[in-house]
Amino acid sequence: MTTRQKTAIIVALIPAFGIGVYKAHQTSTLRAQVQTFQQQQATLSDQINQVTRDRDTAQRQLAALRDENKRLSQNTAELPKLRSEVTRLNAATNTASSSATEIALKSWSSKVGLVKQRVNQTPEVGIPEFQLLNEEDWLAAVKDRNLDEDKEFRRALSTLRMAGEKRFAEMLRPALDKYIESHNGQFPTALSQLQSYFEPAPVDEAILQRYVILPGKELPSLLMTGDWLITQKKPVDAEFDLRFGVSKNSWAQQGVPSWNEPSRPL
C-alpha cells in the first residue's frame, strides 16, 4: 500500500477507536455507579431492617407498658380491699395473741395457787423471806413447771426460796456495810445489831433467825472476801437450794447446791 492509502486508513480508523475508548470508559463509569448504587441500596436495606426492629421493640415495650398499667390499675382498685383484709388479719392476730396470753396467765395463776396451797399445808417448805416476793416472782417460779411431777414442785419452791433470799441479801449487804463503817471496820457479833441499819425499816426477826455469822474460811466454796460472812443456817431442800453469803462489800452464791461444809455459828 502506498503511504497515502495507509494514511487514509488510519484517518478512517481514528474515529472508530475513539468511539471504542469512549464506550469502554462509559461502561466502566456505569459499572462503578451501579456498584455504588448497590452499596447504597444494601446500606439502605440495613437501615430499613434496623428501623423495623426498633419499631417492633417499641411495640413490644408499649404492649408491656399497657399490660403493666392495666395490672397497676387493677392493684390500685384492689388496694382498699387489701388494706381491709390486712386490718382484719391484724385484729384477728391480736385477738388470738391476747387470748393465748390470757389463757397462759390463767394457767400460771392456777399453778401459783397450787404452790401457795402447798406452802399453807406444809409450812416447813416456806421461809419468812416469801413476804419479800411479789406476784411476778411467783409467776416466774411456776410458769415453765409441770407441777404434776413432785420434783418440779420442789424446784418451783426452791426457786421461790432463792428469790426471797436474794431479796433479803440485797437488803442485808448495804445494812452490813453501814454497820461496819460506823463501827470502825468491826463485823457485827449478832444479826440483831443490824436492825437499825435496814432501810426503809427493820426486817422481820423471823428472817434474821434463819442466818448465822461464820468465819469466811469455813465456807471456802463461796470465794468470799473478808474474815467473816453471813449465810443461811441450813437448807430447806438440800438437793435444790443454793447457799449464799454476804460479807463486807460483797455477796456470792454457790452455783451448785452443797451443804457439806460446816456452819458453826459465831
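Attention here is on the structure that accompanies the text. (Residues numbered from 1 in each chain as written. Predicted model: local features only at pLDDT ≥ 70, side-chain atom pairs only at ≥ 80, totals over all residues. Heavy atoms only, no water.)

### Considerations on the nonpolar core
Selection criterion: The set of buried Ala, Val, Leu, Ile, Met, Phe, Trp, Tyr and Cys residues whose side-chain atoms join them within 4.5 Å is what this entry labels a nonpolar core. Relative accessibility thresholds used throughout: buried, under 20% of the residue-type maximum; exposed, over 50%; partly exposed, between the two (1.4 Å probe, protein chains only). Helix numbers and strand numbers start at the N terminus; a helix is a DSSP run of H or I with at least 4 residues, a strand a run of E with at least 2. Contacts between residues were defined by any pair of non-hydrogen atoms, one from each residue, lying within 4.5 Å.
Ranked by size, the top nonpolar core spans 19 residues in total, and within it Phe 168, Leu 194, Phe 198 and Ile 230 carry the most contacts. Broken down by element, the residue count for this core peaks at seven residues, all from helix α3 (residues 150-182). Phe 168 has contacts with Glu 129, Leu 132, Phe 198, Val 203, Ile 207, Leu 208 and Tyr 211, leaving out every residue within four places of it along the chain.

### Quick word on the packing of aromatic side chains
Rules: To pair, rings of Phe, Tyr and Trp, with the six-membered ring standing in for Trp, must have centres within 6.5 Å; the planes then decide the type, stacked if under 30 degrees apart, edge-to-face if over 60, and tilted in the middle. Sitting over a ring, as applied to charges here, requires NZ of Lys or CZ of Arg to be within 6 Å of the ring centre and within 35 degrees of the ring normal.
Applying the stated criterion to the full structure yields six aromatic pairs. Ring centres of Phe 168 and Tyr 211 lie 4.7 Å apart, and the angle between their planes is 35°; this geometry places the pair in the tilted category. Placement of the pair is Phe 168 in helix α3 and Tyr 211 in strand β1 (residues 211-215), with a sequence separation of 43 residues. Tyr 211 sits in the buried class, given a relative accessible area of 3%. Considering the side-chain rings of Tyr 211 and Phe 244, the 5.9 Å spacing of their centres and the 55° angle between planes classify their relative orientation as tilted. Separated by 33 residues along the polypeptide, Tyr 211 in strand β1 and Phe 244 in strand β3 (residues 244-247) bring together distant segments of the chain. Phe 244 sits in the buried class, given a relative accessible area of 1%. Above the ring of Phe 153, the side-chain terminus of Arg 118 is found at 3.9 Å from the ring centroid.

### Quick notes on helix α2 (residues 135-142)
Here is the rule: We call two N or O atoms a polar contact when they sit within 3.5 Å, provided that within protein one can donate a hydrogen and the other can accept it, with sequence-adjacent residues counted only if both atoms are side-chain atoms.
Listed as buried for α2 are Asp 137, Trp 138, Leu 139, Ala 141 and Val 142. With a side-chain oxygen positioned 3.1 Å from the backbone nitrogen of Glu 136, the residue opening α2 is Asn 134.

### Description of unusual backbone geometry
Across the chain, the bulk of peptide bonds are trans and the bulk of non-glycine residues have phi less than zero. Looking along the chain, the bond that leaves Glu 199 and enters Pro 200 is cis, with omega of 10°. With respect to the secondary-structure elements, Pro 200 resides in the loop between α3 and α4 (205-208). The phi dihedral of Asn 184 is positive, around 55°, even though this residue is not glycine. Counting through the fold element by element, Asn 184 comes out in the loop between α3 and α4. Residue Asn 184 is classed as exposed on the basis of its relative accessible area of 75%. The phi angle at Asn 249 is positive, at roughly 65°, despite the residue not being glycine. Position of Asn 249 among the secondary structure elements: in the loop between β3 and β4 (250-253).

### Brief notes about the environment of Leu 242
Mapped onto the fold, Leu 242 is located in the loop between β2 (228-232) and β3. Relative accessible area serves as the criterion here: at 12%, Leu 242 is assigned to the buried category. With 83 residues separating them along the chain, Leu 242 and Thr 159 place their C-alpha atoms 9.4 Å apart.

### A short note on the packing of α2 against α3
Where we set the bar: Axis lines are fitted through C-alpha atoms, for helices just across the contact stretch, and the angle between N-to-C directions can take any value from 0 to 180 degrees. Take the far helix as your reference; a near helix turned counterclockwise from it by less than a right angle gives a left-handed crossing, and one turned clockwise gives a right-handed crossing. By the convention adopted, Pro, Cys, Tyr, Trp, Phe, Met, Ile, Leu, Val and Ala count as nonpolar, Lys, Arg, Asp and Glu as charged, and the other residues, Gly among them, as polar.
Interhelical geometry of α2 versus α3 gives an angle of 145° and a closest axis separation of 8 Å. The crossing of α2 and α3 is right-handed. Listed contacts from α3 to Asp 137, Trp 138, Ala 141 and Val 142 of α2 are Ala 156, Thr 159, Leu 160 and Arg 167. Considering only residue class, the contact of α2 with α3 consists of five nonpolar, one polar and two charged.

### Description of the environment of Ser 247
Within the secondary structure layout, Ser 247 lies in strand β3. For Ser 247, a relative accessible area of 0% translates into the label buried. For Ser 247, the contacting residues outside a window of four places in its chain are Leu 176, Asp 177, Phe 187, Met 224, Thr 225, Trp 228 and Leu 229.

### Description of the side chain of Asp 137
When you line up the elements, Asp 137 lands in helix α2. Among the polar contacts made by the side chain of Asp 137, one reaches the side chain of Arg 167 at a distance of 2.9 Å. When neighbours within four sequence positions are excluded, Asp 137 is seen to be in contact with Leu 160 and Arg 167.

Geometric descriptors of this kind do not, in isolation, establish any biological role.
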